[in-house]
Amino acid sequence: TNTWSPGPNLATERYACTALPLSDGGIFVIGGQRESSLSTTEIIDFAGGPSTPGPVMSCPRCHCSAVMLHDGRVLVIGGRNSTTRSLLTTEVLDLTDGTSSPGPEMDIARRGASA
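Turning our attention to the overall build of the chain. When helices and strands are tallied, the chain shows zero helices and eight strands. Element order for the chain, N to C, with α for helix and β for strand: β-β-β-β-β-β-β-β. Scaling as 2.2 N^0.38, a compact globule of 115 residues should have a C-alpha radius of gyration of about 13 Å, and the chain matches this with 14 Å. In terms of principal-axis extent, the alpha carbons of the chain reach across some 45 × 30 × 25 Å. A buried classification covers 37% of the 115 residues belonging to the chain. Within the chain, residue pairs in contact and separated by at least 24 positions form 37% of the contacts whose partners lie at least 6 positions apart. In the form shown here, the chain has an accessible surface area of approximately 6900 Å², with 53% of it arising from carbon and sulfur atoms. Counting 8 positive and 11 negative side-chain charges, the chain places the centres of these two groups 11 Å from one another.

Here it is, written out as structure tokens:
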């Protein structure tokens, strides 16, 4: 139809975040920045419901990368924390049980990379 329409609102305003499509048609929004980097995540439901909180990361990240793993968990890669420092760390977020666990550490800090 070549038209735009507003989507659901996020619970937390953010920019420099990462977003992944979910198999149910929703969007998983990760980290980002407001006054400082955010450790929160949100799941956007395009079926009309409000966004819901997702797992909280162990450290704030903006400009991070993320990839959906074969088992449905999400690997969050690098990014930048609130002190403008690029990160070596990764995290694995489980949307099913709402948990975050450390992932493998990288040899080189990265932010703004694609996955």
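With that settled, consider the environment of Ile-77. Tracing the backbone through its elements, the reader meets Ile-77 in strand 6 (residues 74–77). Sequence spacing of Ile-77 and Glu-42 is 35 residues, and the spatial spacing of their C-alpha atoms is 17 Å. With near-sequence residues (within four places) excluded, Ile-77 lies in contact with Arg-61, Cys-64, Ser-65, Val-67, Thr-89, Thr-90, Met-106 and Ala-115.

Let's shift gears to the pairing of strand 5 (residues 65–68). Across four bridges, the pairing between strand 5 and strand 6 is antiparallel. Looking across to strand 6, one finds that Ser-65 is bridged to Ile-77. Connecting the antiparallel pair strand 5 and strand 6 is a turn made up of five residues, with Gly-72 showing a positive phi of about 95 degrees.

This next bit is on unusual backbone geometry. Unusually for a residue other than glycine, Ala-16 sits at a positive phi of about 55 degrees. Note that Ala-16 resides in the segment before strand 1 (18–21). The phi torsion at His-63 lies on the positive side, around 55 degrees, for a residue other than glycine. Residue His-63 is classed as partly exposed on the basis of its relative accessible area, which comes to 36%.

Rules behind the numbers
Residues numbered from 1 in each chain as written. Predicted model: local features only at pLDDT ≥ 70, side-chain atom pairs only at ≥ 80, totals over all residues. Heavy atoms only, no water. Helix = DSSP H or I, 4+ residues; strand = E, 2+ residues; numbered from the N terminus. Rg over C-alpha atoms; globule rule 2.2 N^0.38 Å. Buried < 20%, exposed > 50% of the residue type's maximum accessible area, 1.4 Å probe, protein only. Contact = heavy atoms within 4.5 Å. Areas by Shrake-Rupley, 256 points an atom, 1.4 Å probe, with all protein chains shown as cover. Lys, Arg positive; Asp, Glu negative; His and termini not counted. Charge placed at Lys NZ, Arg CZ, Asp CG, Glu CD. Pairing = 2+ DSSP bridges.

Remember, this is a structural readout, not a statement about activity or role.
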